[in-house]
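Here are the chains, one letter per residue:
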Amino acid sequence: MTIRLPDPTGGLRTYEPRPEPFAVTPGAPFTSRTVFSAAHVVADPFADTTPDSPAAVDWDATLAFRRHLWSHGLGVAEAMDTAQRGMGLDWTGAAELIRRSAAEAKSVGGRIACGVGTDQITAGSLAEVRAAYEEQLALVESSGAQAILMASRALAAAASGPEDYLEVYGHLLRQAAEPVVLHWLGPMFDPALEGYWGSRDLDAATDTFLEVIAAHPDKVEGIKVSLLDARREIDIRRRLPQGVRCYTGDDFNYPELIAGDDRGFSHALLGIFDPLGPLAAQAVRVLDTGDVAGFRELLDPTVELSRHLFQAPTRFYKTGVVFLAWLAGHQSHFTMVGGLQSARSLPHFARAYELADGLGLFPDPKLAEERMRNLLALYGVTQ
């Protein structure tokens, strides 16, 4: 059987779906790397909402997806960019997500870390930014989850220079009960974060970022770097204080960064590991045996799909992630909070389907094909 898929030129091409999925072999917990998947949220498709309404979440399906990730040995990075923080999911919804997911993690023994930001305010003074961070940090810590200090749009707007970042982050790190992960999210993911750490010059921004860590190494368990720049991540990784981990957030170059070199490696906290979960877990278990070539052989072919999903405008990658979760049978519909299912084109979806199917990511290839055909028919493509 073949399926006709649209391409960017307006034509149709014939594609033959893969008959069997990638074979996943369950295994022991990872030993060589700590790996988190940033997880998406599942919208309630029957809620009477608008794009500006508070998010209506299907909690059962959302938590079931997290159990899927935990079952493969992955940690869950909760209430992050992939969960549409600031793009459909407000702080009220994120707070509920953190509470529910942290409780679910405790019940199944899953690892969880949760995003701490300032999205309950849109703007404010530095004191108001600190207070917003403190409110979210208290909630995450009370839930029993590890805290990830996320980049803040409000701080980017309020800060007048590097000294303001040093003051705010220093204050938060001093009061954190346990070591946190610091997250540097680049403007390709959120344009409002341009000039974060007090400078548009990335070398100067890097120096400020590292100054924050150097002043509080006992309060920083790790950093997550999401700049889509492998060389800069490696440079930052090599300059970290002893004991501070680097978690790659580079969805373009993750295989080489996780594999590392003779001077170190990155752990992982990635949005692309939402759709890649089982395959990524298998690759890391191969790496645990010391087989770097086998790890790269499994993970390198996934980069084309990741680069496709994260193509500019990169912030809309969540649409492709949720689309693939629907095709894979993890949810019954392709609806997103904030109406974000409209953020990518039909040719984009078609190519995502083709690449994911070629990797064997769909547990039931026939279901994925049927759902792809239904979407094509909705757009007027006849087979």
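Caption draft 1: View of the overall build of the protein. The secondary structure content of the protein amounts to 14 helices and 10 strands. A principal-axis box enclosing the C-alpha atoms of the protein has dimensions of 60 × 50 × 45 Å. Within the span of the protein, comprising 383 residues, buried residues form 57% of the whole. Looking at the protein alone, contacts between residues at least 24 apart form 70% of all its contacts between residues at least 6 apart. As presented, the protein carries roughly 15,200 Å² of accessible surface, and 50% of it is formed by carbon and sulfur atoms. Where the 34 positive side-chain charges of the protein centre and where its 49 negative ones centre are 2 Å apart.

Caption draft 2: Highlighting unusual backbone geometry. The peptide bond linking A312 to P313 adopts the cis configuration, its omega dihedral lying at -5°. With respect to the helices, strands and loops of the structure, P313 is situated in the loop between α11 (303-309) and α12 (317-327). Even without being glycine, A79 reaches a positive phi, approximately 55°. Examined against the element boundaries, A79 turns out to sit in the loop between β4 (75-78) and α2 (91-108).

Caption draft 3: Geometry of the packing of helix α1 (residues 59-71) against α2. Where α1 meets α2, the closest approach of the two axes is 10 Å, and the angle between their N-to-C directions is 45°. Relative to α2, the element α1 is oriented oblique. Viewed along their axes, α1 and α2 form a crossing whose handedness is right-handed. Between α1, through W59, T62, L63, R66, R67 and W70, and α2, the contact on the second element is made entirely by G93, E96, L97, R100, S101, E104, A105 and V108. Tallied by class, residues from the contact of α1 with α2 come to 6 nonpolar, 3 polar and 5 charged.

Caption draft 4: Broad picture of α1. With 13 residues, α1 ought to run about 18 Å at 1.5 Å a step, and its terminal C-alpha atoms sit 18 Å apart, in line with that. For α1, every residue scored as buried is listed here: W59, A61, T62, L63, F65, R66, H68, L69 and W70. Here α1 starts with a cap whose side-chain oxygen sits 3.3 Å from the backbone nitrogen of D60, and that cap is D58.

Caption draft 5: Quick look at the pairing of strand β1 (residues 3-6). Here 4 bridges tie β1 to strand β2 (residues 12-15), and the two strands are oriented antiparallel to one another. Residue L5 lies in a different strand from β2, and its bridge partner there is R13. Taking the residues that link successive antiparallel strands as the turn, the β1-β2 hairpin has 5 residues, and the phi of G10 there is positive, at about 95°.

Caption draft 6: Spotlight on the pattern of salt bridges. For the structure on display, the rule yields 21 salt bridges. Measuring nitrogen to oxygen at the nearest pair gives 2.4 Å for the salt bridge that ties E78 to R66. With E78 in strand β4 and R66 in helix α1, the pair connects residues that are 12 residues apart, well separated along the chain. Neither residue differs from the other here; E78 and R66 are each classed as buried. With a shortest N-O distance of 3.3 Å, E354 and R351 are connected by a salt bridge. Here E354 pairs with R351, and both are found in helix α13 (residues 346-359), just 3 residues apart, close to one helical turn.

Caption draft 7: How the structure looks around the packing of helix α5 (residues 162-175) against helix α6 (residues 202-215). Where α5 contacts α6, the two axes come as close as 10 Å, and the packing angle between them is 25°. Looking at the two axes, α5 sits roughly parallel to α6. For the element pair α5 and α6, the recorded crossing hand is right-handed. Residue-level inspection shows P162, L166, Y169 and L173 of α5 in contact with α6, the latter providing T208, E211 and V212. Partitioning the contact of α5 with α6 into residue classes produces 5 nonpolar, 1 polar and 1 charged.

Caption draft 8: Inspection of the pairing of strand β6 (residues 146-149) at higher detail. Residues Q146 and I148 point to one face of β6 and A147 and L149 to the other, with burial holding for every one of them. Across 4 bridges, the pairing between strand β5 (residues 112-116) and β6 is parallel. Residue pairing for β6: V116 is matched across the bridge by L149. The handedness of the β5 to β6 crossover, carried by helix α3 (residues 126-143), is right-handed. As paired strands, β6 and strand β7 (residues 180-185) are joined by 2 bridges and run parallel to one another.

Caption draft 9: Structural detail: the side chain of R237. Its place among the elements puts R237 in helix α7 (residues 230-238). Aside from chain neighbours lying at most four places away, what touches R237 is C246, L257, G260, D261, G264, F265 and S266.

Caption draft 10: Structural context of the packing of aromatic side chains. Taken as a whole and judged by the stated rule, the model has 20 aromatic pairs. Note on Y196 and W197: the rings are 5.2 Å apart at their centroids and 80° apart in plane angle, and the pair reads as edge-to-face. By the burial criterion, Y196 is buried, and W197 matches it. Judged by centre distance (5.3 Å) and plane angle (90°), the ring pair of F334 and F349 falls under edge-to-face. Of this pair, F334 sits in the loop between α12 and α13 while F349 sits in helix α13, and the two are 15 residues apart along the sequence. The class for F349 is buried, based on a relative accessible area of 1%. An aromatic cluster of three or more residues is present, and its members are Y133, Y165, Y169, W184, Y196, W197 and F209. Sitting above the plane of the F265 ring, R33 keeps its charged end 3.5 Å from the centroid.

Here is what the cut-offs are and how they apply
- Residues numbered from 1 in each chain as written.
- Predicted model: local features only at pLDDT ≥ 70, side-chain atom pairs only at ≥ 80, totals over all residues.
- Heavy atoms only, no water.
- Helix = DSSP H or I, 4+ residues; strand = E, 2+ residues; numbered from the N terminus.
- Buried < 20%, exposed > 50% of the residue type's maximum accessible area, 1.4 Å probe, protein only.
- Contact = heavy atoms within 4.5 Å.
- Areas by Shrake-Rupley, 256 points an atom, 1.4 Å probe, with all protein chains shown as cover.
- Lys, Arg positive; Asp, Glu negative; His and termini not counted.
- Charge placed at Lys NZ, Arg CZ, Asp CG, Glu CD.
- Axes fitted to C-alpha atoms, helices over the stretch in contact; angles between N-to-C directions.
- Parallel < 35°, antiparallel > 145°, perpendicular 65-115°, else oblique.
- Left-handed = near helix turned anticlockwise from the far one by under 90°.
- Nonpolar A, V, L, I, M, F, W, Y, C, P; charged D, E, K, R; others polar.
- Expected span 1.5 Å × (residues − 1).
- Polar contact = N/O pair within 3.5 Å; in protein donor to acceptor, adjacent residues only side chain to side chain.
- Pairing = 2+ DSSP bridges.
- Salt bridge = Lys/Arg side-chain N within 4 Å of Asp/Glu carboxyl O.
- Right-handed = clockwise from strand over helix to strand, strands pointing away.
- Phe/Tyr/Trp six-rings, centres within 6.5 Å; stacked < 30°, edge-to-face > 60°.
- Lys NZ or Arg CZ within 6 Å of the ring centre and 35° of its normal.

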